[in-house]
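Here's the letter readout for the chains.
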Amino acid sequence: MSTVPSVGRIHSWDLSTGVDGPGTRFVLFVSGCPLRCLYCANPDTWHMRDGRTATVDEVMAEIEKYRAFITTAGGGVTITGGEPLLQTAFTGEILRRCKRAGLHTALDTSGFLGARAGDELLADTDLVLLDIKSFDIRTYRRLTGGELGPTLNFATRLDRLGVRMWIRYVLVPGWTDHADAVEGLARFVAGLDSVDRVDVLPFHKLGAAKYEALGLPFPLSDTPAPAPESVERVREQFRAQGLVAY
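Residue positions are given per chain, counted from 1 along the sequence in the order it is written. Where totals are concerned, whole chains, interfaces and linings use all residues; where local detail is concerned, this predicted model gives features only for residues with pLDDT of at least 70, and gives and counts side-chain atom pairs only at 80 or more. Side-chain descriptors were evaluated using all non-hydrogen atoms of the structure, hydrogens and water having been removed beforehand.

(A) Highlighting the packing of aromatic side chains. Here a Phe, Tyr or Trp ring, Trp counted by its six-membered ring, pairs with any other such ring whose centre lies within 6.5 Å, and the pair is stacked when the planes are under 30 degrees apart, edge-to-face when over 60, and tilted otherwise. Under the defined criterion, the tally for this structure stands at eight aromatic pairs. Ring plane angle 80° and centroid distance 6.1 Å describe the contact between tryptophan 46 and tyrosine 211, whose orientation is recorded as edge-to-face. Taken as a pair, tryptophan 46 in the loop between β2 (24-30) and β3 (52-55) and tyrosine 211 in helix α8 (residues 208-214) lie far apart in primary sequence, 165 residues in all. Burial status follows relative accessibility: with a 1.4 Å probe on protein chains alone, a residue under 20% of its type maximum counts as buried, one over 50% as exposed, and anything between as partly exposed. Residue tryptophan 46 is classed as buried on the basis of its relative accessible area of 14%. Here a helix means four or more residues in a row that DSSP labels H or I, a strand means two or more in a row labelled E, and each is numbered from the N terminus.

(B) Expanded view of the environment of leucine 158. Here leucine 158 lies in helix α6 (residues 149-161). Residue leucine 158 is classed as buried on the basis of its relative accessible area, which comes to 0%. Separated by 52 residues in the primary sequence, leucine 158 and lysine 210 place their C-alpha atoms 33 Å from one another. Contact partners of leucine 158, with chain neighbours within four places excluded, come to Leu122, Val128, Val163, Met165 and Ser194. Whether two residues touch is decided by their heavy atoms; if any such pair falls within 4.5 Å, the residues are in contact.

(C) A look at the side chain of arginine 157. When you line up the elements, arginine 157 lands in helix α6. Apart from the residues lying within four places of it in its own chain, the contact partners of arginine 157 are Gly114, Ala115, Ala117, Gly118, Asp119 and Leu122.

(D) Highlighting the side chain of lysine 133. Examined against the element boundaries, lysine 133 turns out to sit in the loop between β6 (127-131) and α5 (137-144). Since its relative accessible area comes to 6%, lysine 133 is described here as buried. For lysine 133, the side chain forms a polar contact with the side chain of aspartate 131, separated by 2.7 Å. Aside from chain neighbours lying at most four places away, what touches lysine 133 is Leu35, Cys37, Tyr39, Ser110, Tyr140, Leu143, Thr144, Tyr169 and Thr176. For the purposes of these results, a polar contact is taken to be a pair of N or O atoms within 3.5 Å, where, inside protein, one atom must be able to donate a hydrogen and its partner to accept one; residues adjacent in sequence count only when each atom of the pair is a side-chain atom.

(E) Expanded view of the nonpolar core. In this description, a nonpolar core means a group of buried Ala, Val, Leu, Ile, Met, Phe, Trp, Tyr and Cys residues linked to one another through side-chain atoms lying within 4.5 Å. Core analysis: the biggest nonpolar cluster contains 65 residues, and Ile94, Met165 and Phe238 have the highest contact counts within it. Here the element with the most residues in this core is strand β7 (residues 164-171); it accounts for five residues.

(F) A look at the layout of surface pockets. The pocket and cavity definitions rest on a 1 Å grid over protein atoms only: a 1.4 Å probe that fits but cannot leave marks a cavity, an open set with protein on both sides within 12 Å along at least five of seven lines marks a pocket, and residues lining either have an atom within 4 Å of a point. Grid points are joined across faces, edges and corners, and a volume is the space filled by probe spheres set on the points. Roughly 1,000 Å³ of volume is contained in the largest pocket. Lining the largest pocket are 40 residues, with Ala41, Asn42, Asp108, Arg168 and Leu201 positioned closest to its centre. Listing elements by their share of the lining of the largest pocket, those giving two or more residues are β1 (7-17), β2, β5 (104-109), β7 and β8 (195-202). Note that Gly is not counted as nonpolar here; it falls among the polar residues with everything else outside the nonpolar set of Ala, Val, Leu, Ile, Met, Phe, Trp, Tyr, Cys and Pro and the charged set of Asp, Glu, Lys and Arg. Considered class by class, the residues forming the lining of the largest pocket number 18 nonpolar, 11 polar and 11 charged.

(G) View of the sheet that holds β6. Any two strands are treated as partners once DSSP identifies two or more bridges connecting them. Spatially, β3-β1-β2-β4-β5-β6-β7-β8 is the arrangement adopted by the eight strands of the open sheet, whose pairing is mixed. If you trace the sheet from one side to the other, it starts and ends with β3 and β8, each paired once. On average, each strand axis in the sheet is tilted by 30° relative to the strand beside it, whichever way the strands run. Judged from the five bridges that link them, β2 and strand β4 (residues 76-80) form a sheet pairing that is parallel. Counterpart to leucine 28 in the pairing with β4 is isoleucine 79. With respect to the sheet, helix α1 (residues 56-65) is in contact with β1, β2, β3 and β4, its orientation differing from that of β3 by roughly 80°. For helices, the fitted line uses only the C-alpha atoms of the stretch in contact; every axis is such a line through C-alpha atoms, and the angle between N-to-C directions lies from 0 to 180 degrees.

(H) Layout of the pairing of β2. Burial analysis of β2 places seven of its seven residues in the buried class, the great majority of the element. By the alternation rule, side chains of β2 split into Thr24, Phe26, Leu28 and Val30 and Arg25, Val27 and Phe29, which are all buried. Inspection of the sheet shows β1 paired to β2 by seven bridges, in the antiparallel sense. What sits directly across from serine 12, in β2, is phenylalanine 29. Hairpin connection between β1 and β2: a loop of six residues separates the two successive antiparallel strands, and glycine 18 in this loop has a positive phi of roughly 85°.

(I) Layout of helix α3 (residues 88-100). To estimate how far a helix should reach, multiply one less than its number of residues by 1.5 Å. An ideal rise of 1.5 Å per residue puts 18 Å on 13 residues; α3 measures up with 18 Å between its terminal C-alpha atoms. For α3, the full list of buried residues reads Phe90, Thr91, Gly92, Glu93, Ile94, Leu95 and Cys98. Two residues or fewer after α3 comes glycine 102, characterised by a positive phi angle close to 80°.

Structure follows, in structure tokens:
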């Protein structure tokens, strides 16, 4: 008896080096996200309808074309979005197939839907790129439209399971650069044994043209990029807690 192939909605794919996990990565952008981050660079991935239907077999066939290249460069496959955990069956099957094929796997997520990720999915995930958008509850809600608690719970669960993590923190002037909130996050992250590094990512407006194309206002159009000294100050706050920060 034949089985129906796992089907999902994807936006696109790309190759990247150094920013989506170790080495050169095949990066799959899936469609759909429950959050509406004010600084989001990919508003064209918010809705499931923004993508196209694809089967796991089709995705794996595309990945296979680049296997030699990404493995030679010490890389692997990263699933991002959108929010990959909005499509857990699809995401989980790709991670499983990649893992069985000997490819390093990474999941880029806000953690907001972390409760949807089963232990089997996480067992097939070598690395989670966990985007903690703010450590202040009110700021998190205003910045994303969601709640902070699920992300922190997911981080604690990943640590308990021994799943390696890179923490991502987008530094937005006037929003996520407050020293007290950064200090609280640094202390929280320092208590997680499975965190390998923290990436402090300066806010940018590279996605502004996408908002214009979609007929949407870019909420942070008047917000400047953080000053280099501000970025370094935040990195030093993480380093002061014994963390590796870039």
